[in-house]
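# Coordinate inspection notes
Here is what each chain is made of, one letter per residue.
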Amino acid sequence: MILDSKIPSGPLAQKWEKHKFDMKLVNPANKRKFEVIVVGSGLAGASAAATMAELGYQVKCFCFQDSPRRAHSIAAQGGINAAKNYQNDGDSVHRLFYDTIKGGDFRAREANVYRLAQVSVNIIDQCVAQGVPFAREYGGLLTNRSFGGAQVSRTFYARGQTGQQLLLGAYQALSRQIGNGNVKMYPRTEMLDVVVVDGHAKGIVVRDLVTGEISAHAGDAVVLATGGYGNVFYLSTNARGCNVTATWRAYKKGAAFANPCYTQIHPTCIPVSGDHQSKLTLMSESLRNDGRVWAPKKKGDTRRPDQIPEDERDYFLERKYPSFGNLAPRDISSRAAKEACDEGRGVGPGGLGVYLDFADAIKRLGEETVRERYGNLFQMYEKITGEDAYKTPMRIYPAVHYTMGGTWVDYNLMSSVPGLFVIGEANFSDHGANRLGASALMQGLADGYFILPYTIGNYFASEKQPKPNLAHPEFKKALESVEAMTKRLLSINGKRSVTSFHRELGKLIWDKCGMARTQQSLKEALARIPELRAEFWKNVKVTGDNSNLNQDLEAAGRVADFLEFGELLCLDALTREESCGGHFRVEHQQPDGEAKRDDEHFSFVSAWEYQGPGKTPLLHKEPLVYEEVHMSTRSYK
Amino acid sequence: MNLTLRVWRQKNAGDPGRMVEYPATGIIPDMSFLEMLDVVNEGLIAKGEEPIAFDSDCREGICGTCSLVINGIAHGGQRGTTCCQLHMRFFKDGDVITIEPWRAKGFPVLRDLVTDRGAFDRIVQSGGFISVNTGGTPDANALPVSKVDSDRAMDAAACIGCGACVAACKNASAMLFVAAKVSHLAQLPQGKVERTQRVTNMVKQMDVEGFGNCTVTGSCEAVCPKEISLDFIAQMNREYGRAILKGTK
Amino acid sequence: MNITNVFASSIGKKFLMAITGLALFIFVALHMVGNLQVFLGPESINRYGAFLQGNLELIWPARIGLLVLVLLHIWAAVKLSAENRAARPQPYVKHEIVAASYASRTMLMSGLIIAAFIVYHLLHFTVQVPAVNLVGQTKLLPTGSFAALEDAKGRHDIFAMMVLGFQRPLVSVFYIIAMALLFMHLSHGLSAMFQSLGLKSPTYGPLIARFAVIASWLIFLGYVSIPIAILLGYGSKYVEALK
């Protein structure tokens, strides 16, 4: 496998313009002859499906949720970045680009990130035209807030529901095309395999989650917009249904998987309350705009927060990173909180938590303003914990939130399997080793609205592939293998539930490959995961049958993939002998505990190629070349 | 805590369905309602029985997937709360809890507590959008929108499409859902261009789906997890009246 | 879509309900004001009656108009209710009522009972069927019908008719019960009408709610004051004198 990133030549700022001109076009009248399969209906999937349908392509869109509007993008709270410079505070495309590259700890592709910053401005225009009710000033113009890792205010938001509003915008655009008959929508349908014919992606195999029917769909290209793999940790802020199945099965069909070890731990989540916990809840990073993070100075301080005097509090982010303070990037803030807790200064049950305090903000702005800015978040906090954050500080703890790694794609967002495109969180492209807040929404929509619709045409126009044919033996083979796996899962009839395996895997990965990773912990995980996987295939109990809605069976297939994927995650983490962004290897740190990057040896993208069951995957290295940016030690001090 | 659950079980759309009683033991007050069901399901799986099928995804009250009628109230009766955000601390040891799916002609039951809410998607597909293609849109600040209008649009846009309004309404009416979308878009200058056709099409589709009519009882507003106001129904009626007088396709 | 859609669509039928309801409310309010002239003595109310009866060209179109309004109001109600019932073919095993007031849930029932009352009321005071006035044959009413009542100026003696009619406790109690149902019907209907017509807004919502309460109380008190006053002896001297 040769990984060609296909980055256009020329100066950074002109690459995308030049590439748009160089790409071949499909005649408008011919577009309707191409059928595109889109899997996933979140920001990336819905926007791509809608935009391609607008262009004239025939689109089929699949999602496992009961409606495309429920994709997990909906849960994003804080906002979306764009280099509009509406606040006149010195923002620019270049600054957004630089912040994102630096935020990603210099492990992202320069050209991709620059393009992302360029199209960010179009996204806001598009969303406003669709009726997304972004927050406004009294004068009627859009307002912004600041976010982690940036010193300008460039984040657009719609209360604490930005993801929801952006998704509804894309969903509405998608619905319009469904209504027009240009998109055929398949809700409650899960993709279980990619069909590759003569080296090109030509279709997928899906299971109807209501009837259990397994069927194949052919297309001229397949687009995966299936989100991240955060649920490999079992407990994460991801929705319950989020899974790695689509990208994992694509990986097994030849689509290299890049940088799986780059997982983002979000600093402001509600701490775990017990073993029953099914998911973790994020409190938007925007809270750090006005909230101050602190832990008691004294170890094991069990006093109520209001009884701890000011001089016995350690506002550790402000102390360690005075220039960014509470708005230090996510990886850094998370680690700082973990350190405080490791030192025994954590608060709440089990000592796994630090305070996020709004007392000063309420004093400065008044409770009403704080309520207006964050009301729904405070409400959410109260519902879960039963505590009133206007009166007592919130308790927060880091939790898995986003995964920067994903299917390897080139500049055209095409994976190493021609005709298979991967967009949004599912690909690895733009965030390097750490994503800045409010950049996920930006990337998902950039890919879906403004990048893929161009680049997919280039694929059609330049490849001149034969039309896909459902009668091809590859389709039959894929159908049979999916049916066999379903049957196998149902026939094991062991003793342990699917959830118990998922929970055990998650805990293992969190302990061994979470916020801090060591060679030893990773090796332990790599030894344990295959055992657990073997046990799963011997002893899992999947109830019910395949001819009805069967949530147990759905979960089993996803957990089976996580059990394989977890190994790749740990292997990647073991191989990357440096600390960068969300990947922190304890062996590689500065004397002051900060991450120690090794640009000389690890300035590359790790792309793993599947070699067959039981075989160690093959590592390909795509070197990261920086033409514009000077790689520096990331400092937010 | 130990509880008794009375749960609607129905194998598939064709099955008549029935209530079945299950004990729920060892429940912790900090659990969410859905986590309590997870625990019961783990018990069922251990016994080789099929777990209770219920919809859930984000489990933080925003995706709108979860949809349980708990003790006769959609989402369980805590104000502004989805059932995934309902915690067991609101129940007492020994309680008997009845759990049913949304019941409406427009929301056929697929299995147990899982219903098909495709009707809502079809209503949006009929007109719940602004017809702009990607690209070619003016600068986001080219058209100022008063904060009052923008905030009100956001109030309506907060709808998560869960369907609790239909479930709670004695007439199984979808007016609050449709009104939220109609009002959200009609409130903004970008959405005004298509306002008459939009409301015409959406109401037509709503009627086709077999939802009931609004008799202004206010149940929908009371159970709505996003507390969407009944005033939006008045706004939709106004839009509809306008469309009738203007005449539309 | 055009104006005929008020008969076809759900919201259209609600418009029909609201508009006919509004017209009927106005009639009910005017009718009450007319009736309250009974407290100004026989001369006023009898003159008012003669005025109305004397304008056949006005009274018949008005009667037909009212009949059409009532029929439309009832048609829409029955149609909407049938649709509402069909919208939930399988009822809940357990259903808790949230927020919905008793009045809002029983509009069809209260409305139909009021309709039945209207039929009785018309037979009683308009058609003046002897069988329903429960007065029986007296010297004053040789055929048992109120039609025989005439005042000194030869006009139909409405005052006497009302007093004789409401002196029968059973008649008054039925009347008061009907007015209580009308009160309930209006207490919900008057605000729902604004909602259905889209005239409610966050600004005017509270005002409309207050109007609904006050107007329905006024209607109730205005109407029931007549039978109560008569039961307490109002007008009995006048009737005694006739006898």
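Residues numbered from 1 in each chain as written. Chains lettered and ligands numbered in written order. Predicted model: local features only at pLDDT ≥ 70, side-chain atom pairs only at ≥ 80, totals over all residues. Heavy atoms only, no water.

## Focus on the overall build of chain A
Helices and strands together make up the secondary structure of chain A, namely 17 helices and 22 strands. Seen along its three principal axes, the alpha-carbon backbone of chain A occupies a region of about 75 × 60 × 50 Å. When the 637 residues of chain A are sorted by exposure, 66% land in the buried category. Sequence separation of 24 or more characterises 73% of the internal contacts of chain A that already satisfy a separation of 6 or more. Within the structure as shown, chain A displays about 20900 Å² of accessible surface, and the carbon and sulfur contribution to it stands at 51%. Charged side chains in chain A number 79 positive and 73 negative. The centres of these two groups are separated by 3 Å. (Helix = DSSP H or I, 4+ residues; strand = E, 2+ residues; numbered from the N terminus. Buried < 20%, exposed > 50% of the residue type's maximum accessible area, 1.4 Å probe, protein only. Contact = heavy atoms within 4.5 Å. Areas by Shrake-Rupley, 256 points an atom, 1.4 Å probe, with all protein chains shown as cover. Lys, Arg positive; Asp, Glu negative; His and termini not counted. Charge placed at Lys NZ, Arg CZ, Asp CG, Glu CD.)

## Description of the interface of chain B and chain C
Contacts between the two partners involve 55 residues from chain B and, on the opposite side, 40 residues from chain C. Together, the buried faces of chain B and chain C total about 3700 Å²; carbon and sulfur atoms form 56% of this surface. If you sort the residues of chain B by the area they bury against chain C, B:Arg103, B:Asn213 and B:Ile244 come out on top, with a joint share of 18%. Run the count over chain B and chain C and you get zero salt bridges. Our count for the contact surface shared by chain B and chain C stands at 26 residue pairs in polar contact (both at pLDDT 80 or more). Looking at the side of chain B that touches chain C, the element that brings in the most residues is helix α9 (residues 231–246) of chain B, giving eleven residues. (Buried area = accessible area lost by both parts, 1.4 Å probe. Salt bridge = Lys/Arg side-chain N within 4 Å of Asp/Glu carboxyl O. Polar contact = N/O pair within 3.5 Å; in protein donor to acceptor, adjacent residues only side chain to side chain.)

## As for the interface of chain B and chain A
Of the residues lining the interface, 77 residues belong to chain B; the matching set on chain A comes to 77 residues. For the chain B and chain A pair, buried surface summed over both sides reaches about 6200 Å², with 49% attributable to carbon and sulfur atoms. Where chain B packs against chain A, one counts eight salt bridges. A salt bridge links B:Asp55 to A:Arg188; the nearest nitrogen and oxygen atoms lie 2.8 Å apart. Of all the secondary structure elements, the ones that give two or more residues to the side of chain B that touches chain A are α1 (33–46), β6 (109–111), β7 (114–115), α2 (118–127), α3 (147–157) and α5 (175–187) of chain B.

## A closer look at a nonpolar patch on the surface
Residues C:Val213, C:Ile214, C:Trp217, C:Leu218 and C:Leu221 make up a contiguous nonpolar surface patch of about 490 Å² in total accessible area. Along the chain, C:Val213 falls in helix α10 (residues 205–231). (Patch = residues over 30% accessible without salt bridge, like charges linked within 9 Å, V, L, I, M, F, W, Y side chains within 5 Å.)

## Regarding unusual backbone geometry
All names here are of chain B. One non-glycine residue, His-75, lies in positive phi territory at about 70°. Mapped onto the elements of the fold, His-75 is located in the loop between β4 (73–74) and β5 (96–100). Using a relative accessible area of 1% as the deciding quantity, one classes His-75 as buried.

## Brief notes about the domain arrangement of chain A
All names here are of chain A. The domain architecture assigned to chain A consists of domain 1 (44–204 + 216–245 + 255–261 + 402–463), domain 2 (265–400) and domain 3 (473–623). Relative placement of domain 1 and domain 2: their C-alpha centres are 29 Å apart. Across the interface of domain 1 and domain 2, roughly 2200 Å² is buried in total on both sides, 53% from carbon and sulfur atoms. The largest contributions to the domain 1 side of the interface with domain 2 come from Gln-77, Leu-235 and Thr-237, which together make up 28% of the buried area. (Domains from an automatic or database assignment.)

## Quick look at the sheet that holds strand β17 (residues 406–407) of chain A
Residue and element names in this part refer to chain A. Ordered by their spatial adjacency, four strands build an open sheet running β17-β11-β21-β22, and the pairing between neighbours is antiparallel. Each having just a single partner strand, β17 and β22 (618–623) make up the two edges of the open sheet. Pairing of strand β11 (residues 257–258) with β17 involves two bridges; the strand directions are antiparallel. Across the sheet, the residue bridging to Phe-257 is Thr-407, located in β17. Packed on one face of the sheet, helix α16 (residues 551–575) meets β11, β21 (604–609) and β22 and runs near 145° to β21. (Pairing = 2+ DSSP bridges. Axes fitted to C-alpha atoms, helices over the stretch in contact; angles between N-to-C directions.)

## Section: the domain arrangement of chain B
Residues and elements named next belong to chain B. If you check the domain split of chain B, you get domain 1 (3–110) and domain 2 (117–246). In this complex, domain 1 contributes 22 residues to the contact, which on the side of domain 2 involves 21 residues. There are five residue pairs in polar contact (both at pLDDT 80 or more) connecting domain 1 and domain 2. In the side of domain 1 that touches domain 2, the residues fall into nine nonpolar, nine polar and four charged. (Nonpolar A, V, L, I, M, F, W, Y, C, P; charged D, E, K, R; others polar.)

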